[in-house]
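# Per-entry structural report
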Amino acid sequence: TPRIFSGIQPSGGLTLGNYLGALKRFVEKQDEGIETIYCLVDMHAITVWQSPADLRRQTREGAAAFIAAGIDPKRSILFNQSQVSAHAELGWIFNCVARMGWMGRMTQWKDKAGKNSENASLGLFAYPALMAADILAYKATHVPVGEDQKQHLELTRDIAAKFNNDYGVNFFPITEPVIEGAATRVMSLRDGSKKMSKSDPSDQSRINLTDDADAIAAKIRKAKTDPEPLPDTLDGLKDRPEARNLVNIYAALAGLTPAAVVAEHAGAQFGTFKPRLAELAVSVLSPITTEMNRLMADPAEIDRILGEGSARAEAIARPILDEVYDIVGMVRSR
Ligand code: AQP
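Residues numbered from 1 in each chain as written. Predicted model: local features only at pLDDT ≥ 70, side-chain atom pairs only at ≥ 80, totals over all residues.

### Brief notes about the overall build of the protein
From N to C terminus, the protein includes 13 helices and five strands. Scaling as 2.2 N^0.38, a compact globule of 334 residues should have a C-alpha radius of gyration of about 20 Å, and the protein matches this with 21 Å. Referenced to the eigenvectors of the C-alpha coordinate spread, the extents of the protein come out at roughly 70 × 45 × 40 Å. For the protein, with 334 residues in total, the buried portion stands at 43%. A fraction of 77% describes how many contacts in the protein between residues 6 or more apart in sequence connect residues 24 or more apart. (Helix = DSSP H or I, 4+ residues; strand = E, 2+ residues; numbered from the N terminus. Rg over C-alpha atoms; globule rule 2.2 N^0.38 Å. Buried ≥ 20, exposed ≤ 12 C-beta atoms within 10 Å, placed from the backbone. Contact = placed C-beta atoms within 7 Å.)

### Details of the UniProt feature "short sequence motif: 'HIGH' region" (unreviewed entry) in the protein
The feature "short sequence motif: 'HIGH' region" (unreviewed entry), as given by UniProt, occupies residues 10–18 in the numbering adopted here. In residues 10–18, helix accounts for 33% and strand for 0%; the two terminal C-alpha atoms are 11 Å from one another. (UniProt positions renumbered as here; feature names shortened; annotations may be inferred.)

### Describing the site of the ligand
In the vicinity of the ligand, 22 residues are found, and the nearest of them are Gly17, Gly21, Gly146, Ser197 and Ser199. The dominant element in the shell around the ligand, judged by the number of residues it contributes, is helix H1 (residues 16–31), at five residues. The class makeup of the residues in the shell around the ligand is six nonpolar, twelve polar and four charged. (Near = placed C-beta within 6 Å. Nonpolar A, V, L, I, M, F, W, Y, C, P; charged D, E, K, R; others polar.)

### Here's the deal with unusual backbone geometry
At Lys139, a position not held by glycine, the phi torsion is positive, near 50°. For Lys139, a count of 17 C-beta atoms within 10 Å gives the class partly exposed. Within the chain, Asp239 stands out as a residue other than glycine whose phi angle is a positive 60°. As for its position among the elements, Asp239 is in the loop between helix H9 (213–222) and helix H10 (241–254).

Written as structure tokens, this is what we have:
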């Protein structure tokens, strides 16, 4: 039977990219009645320095975003990673399964460590092994993610296969990535070649789930575009990454295909299209923002939900981890 796992780092405020690429699809999977486990991956977040106060606030805000977007903590398991020690424990075992060469080829590592990799944390390098542990601690079969996580999911498959092969077992499933929809890669509003990211130094590059209507409208108005109007077919968006990005965002928010969006707005100038997009974005995001703000007023209730989710997650992961220790040959005498 399918079991879905996915996570988001509480390394900043969530963006429209996280919403369209991840959260929105997490809710769809839950509503299809599939078993869904969703995690605020706080241990991943500290691979890059986070102040303790920010990490706490971002974790609670992330949980509020999940619930506001439609995750029901009764139907889905919603928790934060550090409360379930199976992630760290299996992560260590996978550090010993994964190869240095595999990790060194990860584009996220290369992008985030940059030219100064001597100074990056060891955790940042090992990030994909912990991610594999997040998924495989539950033997999850499907992982909905944005396009940027595809390479890490392939590594998860390699780790599962190597573990199975090294120990001569057929224990871990080979996980399927679920990358679907019009906005699996939302790009920066300032640069069509970079993904929209919560850690981009420019706040103008992204729409945050906490932005109000005026901020959303202003950011879309100032978004980089080109002087051409919208074409009548998608072909006309070739080599126009910023224009294509706004069309994709519109499509994802409206539940349309990008082709339908260009057909509907053919010939429109961006001066006309942008206010339409802003209005649509506000209509989708403002109920979420309002609900997030309501939830954030009661952090104790958020903590209670995360605690309850953690206990349910632990109940699934612990027996799987016990079997892993047994397979590996660890003596377990209590
Ligand atoms: N721009 C994006 N378009 C579509 N999907 C996206 N995701 C992230 N950015 C986009 C998806 O959101 C999920 C959670 O991502 P994450 O928090 O684990 O970290 P990330 O992918 O590294 O996202 P950010 O926002 O860029 O965070 P920072 O800046 O901290 O690195 C994933 O499913 C991801 O695909």
